[in-house]
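What the coordinates show
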Amino acid sequence: MTSQTPALPLSAAPWSRRGFLASTAAAGAALTVGLPQRATAAAGDAPGAADDEFATLRAKWRALYLGAGFSPTAEPFRSKLATLGTQAAAWRDAMAPADGSLWPDAVFGDPDPDTDTESYGYSEKIQTSYERIRVMAEAFCQPGTGLTGDAALRTAVLTAVDHMSAQVYHKDRAQFGNWYNFQIGAPQRLLDIAILMYEHLSAAQLTAAVEAVDHFVPDSLVAKYTGTSTGANRIDLCRVLALRGILDGTAAKVALARDAVSPVFPYVTSGDGLYADGSLIQHTYVPYTGSYGAVLIDGLSKLFALLGGSTWAITDSGRQLFLDSVEDAYAPFLHDGLMMDNVSGRAISRGLVAGDPLKVQQDDHARGHAIIASVLLLGQGASAGENARWQALAKGWYTRDRYSDVTTGRTLGVAALSRVTALLADSAVKPAAEPVGHRVFPSMARATHRSKRFTASVSMSSKAITFYENGNGENVRGWHTGSGLLSWWAEGDSAGGGQYSDGFWPTVDPYRLPGTTVSRKPLADGEGGTWGAARPDTTWVGGATDGTYGVLAQDVRGLSSTLRAKKSWFFLDDAVVCLGAGITSTDSAGVESVVDSRNLGASGTARLTIDGRPQPARHPWNAAFPRARWAHVAGHGGYVFPGGTSLTALREERTGTWKSINGGGAADPVTRRYVTLLADHGSDPADASYAYVLLPGASEGRTAARAADRHWLAVDVNSGARQGVRVPSLGFTGVTFWEPGTVGAVTVDAPLVVQVQEKRDGTATVSVSDPNRAVKAATLVWRRRVRSVTSRPGSVTAAGTGRELRLTFGDLSATGGGTQKVTVRLG
């Protein structure tokens, strides 16, 4: 069964189901009253030693949940705590216990309980109700909320807990709707409430809580690492089991939670989990570093911190693989405080949640801030060296974020914010710069590129990786996010890192996502199926890199259309060369390749220049330029069209709503202005092509100069069989061999992606990959005088005549799309 998580509850923002409410440990350690402890002291322990350890763990969870080391009278904590109190008072005053509901707008009483879509809506309201109770419990425990220790609020919390137990979350009730609500969403919140209010709950109330959790979350859920008990979901279940054991002193439950974590650590080669190449997959087909990955690192960082130093510390040697993922899997997709959308699945559609009184937008920066905060917590259980590196990275990410200042407190709860503000105030920690380099993630059809001038990422799709994920009414128009979406952020750009954050997803034309080649054939909301079911019938996706530059290629297939296209990208220090060829379709619909679609904000008037001539600033506007050589969008960057191209340019003011792309989204209209540049291939194109150079952050003058420099770039070939470019000044050659053959000085006898990088020190690196994962053996000939081979994988043999280098590669398919590199000294 595919793991299916629900839409966000109405009270989610900024405290979504994946971002726990934060507050302060000033609320004090938990007191040991309530249920009799069922654990027995270990041999040799003094009487009550086990009881004391569980009390310590309850206090530890309160500290993790509530935060520590901050002043409740200092900003931003003062305002956050006051807001928490206001929200808790609102939930308390609106509470109206009735048959099937605790609040009138959150009815969980399902008249026809089963597992259909309608029942999903009812089961979600169980989670929504517990979320509101948790808000009330936190406001009671926290200082500075105006309701700290308030007797009436305490009574309301206890009444609410009893009502939910009697009505729906009870050992004698049956599960319905979405499994997630019963096994993770509701019990996590109930257990948080129980630990926060431990000293105020009766033995009967605690017994009811643990019996309900045991009923809906039996040990058997973690008996096998399969189905909905993998990856982030498994860690969520382990959190439930650990807190349930800590609540009443059942050592076996805590031990089970500790042991059930272990299957998450080893690298996987298919399905859900972390891959050796840094990929992170959930729901079998979805790149999910930024959403389920956020849950994974949040959950593990908390479990490591909670159980560390206790009888049940997580000591599995595999934990190091996850610690390594901070720099191998998470950091490549973090940029100046944001987590890239192309690894966040359907979460990109959440934005503003309907009914959120605070109107806190869930965007790439909010996701990034939370993940970075989890990295800081995880560092407390890592080595000193890792912790120091991660603190420096975190400080750099946060301090460079010009779009969303973490110190305002809008993106983080109090607990996470307390750790972040302590880091930012620590002058001994110096912010680390963004690492420079190119990374390919073959297992999830993604790549990232960083240079000193810009950061970029490409999202692709294949038989193994979905075009897009929708489910629970979320992300219903994300159709083309896997069709070569090219996202980029330039150093000092006018958007301040908010290009895809500022109302982008509800307002952008979903048929004109930057970098994609798509059919304009109309698609239905949720086209292709839910939970990653929509996947193209192709295996060719990936690329080769020497770690600095990179070549990517995608065999594009249209979603529910006949579109076919071959796309290649060549990533350099200040540019991305983009080629498309073999663009064919027979749907009687228009086909376009989108050079870019830049979000200018609500009132942006960025100047558009084409071939040195400023274009009108009015909206709407469009024009065709039959032989455009270059274009520039002020404050964003430039575009060069080698040899000239037929370019369509337009300005639009587009209005949409979050609700239009996510059923749980706000219905408030959002309006943003766009400048879009595209190659219009017309209806039913046959073997159409395009070529352009993206210059992120370039000035108008630099763009014009690059267009005038006929020697900087050579496009050697751009066809459905081969695509290749050379940049002599960089010593760079990149070729996608869709078919064997010769391009320039390089010949191969199998379909491969090849990059050759000649360096000023007299060496060169030849990088080769098999994105199709089908080449058992291959030979590459580079007609260049080579003195010696200085390094190569053991599976590669090298020979030469002095005038050429001949490389014979073993089973490239076994590398899973990874790069094989050979370094030589030139003659």
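On a predicted model such as this, the values are computed, not experimentally measured, just so you know.

1. Some remarks on the overall build of the protein
Counting its secondary structure elements, the protein contains 15 helices and 33 strands. By its C-alpha atoms, the protein is 85 × 60 × 55 Å across when sized along the principal axes. Each of the 827 residues in the protein was classed as buried or not, and the buried ones make up 62%. Here the analysis covers contacts within the protein between residues at least 6 apart in sequence; of these, 72% occur between residues at least 24 apart. Of the accessible surface of the protein, which amounts to about 27300 Å², a share of 51% is contributed by carbon and sulfur atoms. Distance from the positive charge centre (79 side chains) to the negative charge centre (77 side chains) of the protein: 7 Å.

2. Quick word on the pattern of salt bridges
In total, this model carries 38 salt bridges according to the counting rule given. Its salt-bridge partner being aspartate 336, residue arginine 400 comes within 2.7 Å of it at the nearest N-O pair. In this pair, arginine 400 sits in the loop between helix 12 (384–399) and helix 13 (414–425) while aspartate 336 sits in the loop between strand 4 (334–335) and strand 5 (338–339), placing the two residues 64 residues apart along the sequence. In this structure aspartate 336 comes out as buried when scored by relative accessible area, which is 17%. With a closest N to O distance of 3.4 Å, glutamate 652 and arginine 654 form a salt bridge.

3. Considerations on empty space enclosed by the protein
Using the criterion set out here, one finds eight cavities of 30 Å³ or more in the structure. There is about 140 Å³ of room inside the second largest cavity. Lining of the second largest cavity is provided by 16 residues; of these, Asp341, Asn342, Gly345, Arg446 and Thr481 occupy positions nearest its centre. Partitioned by chemical class, the residues of the lining of the second largest cavity number eight nonpolar, five polar and three charged.

4. Here's the deal with the pairing of strand 28 (residues 763–769)
Among the seven residues in strand 28, seven count as buried, and that is most of the element. Residue alternation in strand 28 divides its side chains into two sets, Thr763, Thr765, Ser767 and Ser769 and Ala764, Val766 and Val768, and both sets are buried. Taken together, the six bridges between strand 27 (residues 752–758) and strand 28 define a ladder with antiparallel strand orientation. Of the residues in strand 28, the one forming a bridge with glutamine 757 is threonine 765. Counting the residues between successive antiparallel strands, the hairpin from strand 27 to strand 28 contains four residues, one of them, glycine 762, with a positive phi of roughly 85 degrees. In the sheet, strand 28 pairs with strand 33 (residues 819–826) via seven bridges, with the strands oriented antiparallel. Each residue of the ladder has a partner; that of serine 769, found in strand 33, is threonine 819.

5. So, the packing of aromatic side chains
Under the criterion given, the structure shown has 21 aromatic pairs. Members of the aromatic cluster, connected to one another through ring pairs, are Tyr130, Tyr169, Phe176, Phe182 and Phe216. Above the plane of the ring of tryptophan 712 lies arginine 706, whose end atom (NZ or CZ) is 4.0 Å from the centre.

6. Here we look at the sheet that holds strand 26 (residues 746–748)
Two modes of strand pairing occur in sheets, parallel and antiparallel, and in both the strands are linked by backbone hydrogen bonds. One open sheet accounts for five strands, arranged 25-26-29-32-31; its pairing is antiparallel. This sheet does not close on itself; its edge strands, each paired only once, are strand 25 (741–743) and strand 31 (796–800). Direction aside, neighbouring strands of the sheet carry axes that sit 15 degrees apart on average. Direction of pairing for strand 25 relative to strand 26: antiparallel, over a ladder of three bridges. If you follow glycine 741 over to strand 26, its bridge partner there is valine 748.

7. What to know about the sheet that holds strand 3 (residues 286–287)
Within the open sheet, the three strands sit side by side as 1-2-3. Their pairing is antiparallel. Edge positions in the sheet fall to strand 1 (273–274) and strand 3, since each of these pairs with one other strand and no more. As defined by bridge partners, strand 2 (residues 280–282) adjoins strand 3 across two bridges and the pair is classed as antiparallel. Counted as the bridge partner of glutamine 282 is valine 286 from strand 3.

8. What about the packing of helix 9 (residues 292–307) against helix 11 (residues 364–379)?
At a closest axis distance of 9 Å, the pairing of helix 9 and helix 11 adopts a crossing angle of 25 degrees. The pairing of helix 9 with helix 11 is recorded here as roughly parallel in orientation. The handedness of the crossing between helix 9 and helix 11 is left-handed. In this structure, helix 9 uses Ala294, Ile297, Asp298, Ser301, Lys302, Phe304 and Ala305 to contact helix 11, whose residues at the interface are Ile371, Ser374, Val375, Leu377 and Leu378.

9. Re the environment of serine 325
Looking at where serine 325 falls in the secondary structure, it is placed in helix 10 (residues 319–330). Judged by relative accessible area, serine 325 falls into the buried class, the value being 3%. Apart from the residues within four sequence positions on either side, serine 325 is in contact with Leu274 and Tyr330. Within the structure, serine 325 has its side chain in polar contact with the backbone oxygen of phenylalanine 322 (distance 2.5 Å).

10. Digging into the environment of alanine 212
Tracing the chain through its elements places alanine 212 in helix 6 (residues 203–216). Once the C-alpha coordinates of alanine 212 and proline 510 are considered, the two residues, 298 residues apart in sequence, prove to be 44 Å apart. In contact with alanine 212, other than residues within four places in its own chain, are Tyr169, His170 and Lys171.

11. Observations concerning helix 10
With twelve residues, helix 10 should cover 16 Å at 1.5 Å per step; its first-to-last C-alpha distance of 16 Å lies within 8% of that length. Within the span of helix 10, buried status applies to Arg319, Phe322, Leu323, Ser325, Val326, Ala329 and Tyr330. One side of helix 10 carries all its buried residues, which in axial view fall inside an arc of 150 degrees.

12. Considering the confidence of the model for the protein
Per-chain confidence: the protein averages 93 in pLDDT, with 94% of residues scoring 70 or above. Segment residues 1–47: pLDDT under 50, and 177 contacts once partners within four positions in sequence are set aside and those in other chains are kept.

13. Structural notes on the side chain of arginine 672
As for its position among the elements, arginine 672 is in strand 20 (residues 670–683). If sequence neighbours within four positions are ignored, arginine 672 has contacts with Asp502, Gly503, Thr507, Asn599, Gly601, Ala602, Glu652, Glu653 and Arg654.

14. Considerations on the packing of helix 12 against helix 13
The contact between helix 12 and helix 13 brings their axes to 10 Å, and the two run at 95 degrees. Taken as axis vectors, helix 12 and helix 13 run roughly perpendicular relative to one another. Packed against helix 12, whose contacting residues are Gln391, Ala394, Lys395, Tyr398 and Thr399, the element helix 13 presents Val420, Leu423 and Leu424 at the interface. Each residue belonging to the contact of helix 12 with helix 13 can be placed in one class, and the counts come to five nonpolar, two polar and one charged.

15. Notes on the environment of glycine 810
Position of glycine 810 among the secondary structure elements: in the loop between strand 32 (805–809) and strand 33. A C-alpha to C-alpha distance of 45 Å links glycine 810 and valine 508, two positions 302 residues apart in sequence. The residues touching glycine 810, leaving out its near neighbours within four places in the chain, are Lys776, Ala777 and Ser795.

16. A word on unusual backbone geometry
Note the cis peptide between glutamate 75 and proline 76, where omega equals 5 degrees. Relative to the assigned elements, proline 76 resides in the loop between helix 1 (49–66) and helix 2 (77–94). In this model, histidine 619 is joined to proline 620 through a cis peptide bond whose omega is -10 degrees. Relative to the helices and strands, proline 620 resides in the loop between strand 17 (613–614) and strand 18 (621–633). Here the phi dihedral of serine 560 falls at roughly 55 degrees; this positive angle occurs in a residue that is not glycine. Among the structural elements, serine 560 can be located in the loop between strand 12 (550–557) and strand 13 (564–571). Of note, serine 588 is a non-glycine position whose phi angle comes to about 60 degrees, a positive value. The residue serine 588 is located in the loop between strand 14 (576–584) and strand 15 (590–601) in this model.

The rules behind the values
Residues numbered from 1 in each chain as written. Predicted model: local features only at pLDDT ≥ 70, side-chain atom pairs only at ≥ 80, totals over all residues. Heavy atoms only, no water. Helix = DSSP H or I, 4+ residues; strand = E, 2+ residues; numbered from the N terminus. Buried < 20%, exposed > 50% of the residue type's maximum accessible area, 1.4 Å probe, protein only. Contact = heavy atoms within 4.5 Å. Areas by Shrake-Rupley, 256 points an atom, 1.4 Å probe, with all protein chains shown as cover. Lys, Arg positive; Asp, Glu negative; His and termini not counted. Charge placed at Lys NZ, Arg CZ, Asp CG, Glu CD. Salt bridge = Lys/Arg side-chain N within 4 Å of Asp/Glu carboxyl O. 1 Å grid on protein atoms, 1.4 Å probe; cavity = no way out; pocket = protein on both sides within 12 Å on 5 of 7 lines; lining within 4 Å. Points joined across faces, edges and corners; volume = space filled by probe spheres on them. Nonpolar A, V, L, I, M, F, W, Y, C, P; charged D, E, K, R; others polar. Pairing = 2+ DSSP bridges. Phe/Tyr/Trp six-rings, centres within 6.5 Å; stacked < 30°, edge-to-face > 60°. Lys NZ or Arg CZ within 6 Å of the ring centre and 35° of its normal. Axes fitted to C-alpha atoms, helices over the stretch in contact; angles between N-to-C directions. Parallel < 35°, antiparallel > 145°, perpendicular 65-115°, else oblique. Left-handed = near helix turned anticlockwise from the far one by under 90°. Polar contact = N/O pair within 3.5 Å; in protein donor to acceptor, adjacent residues only side chain to side chain. Expected span 1.5 Å × (residues − 1). Arc of directions from axis to C-beta. pLDDT = per-residue confidence, 0-100.

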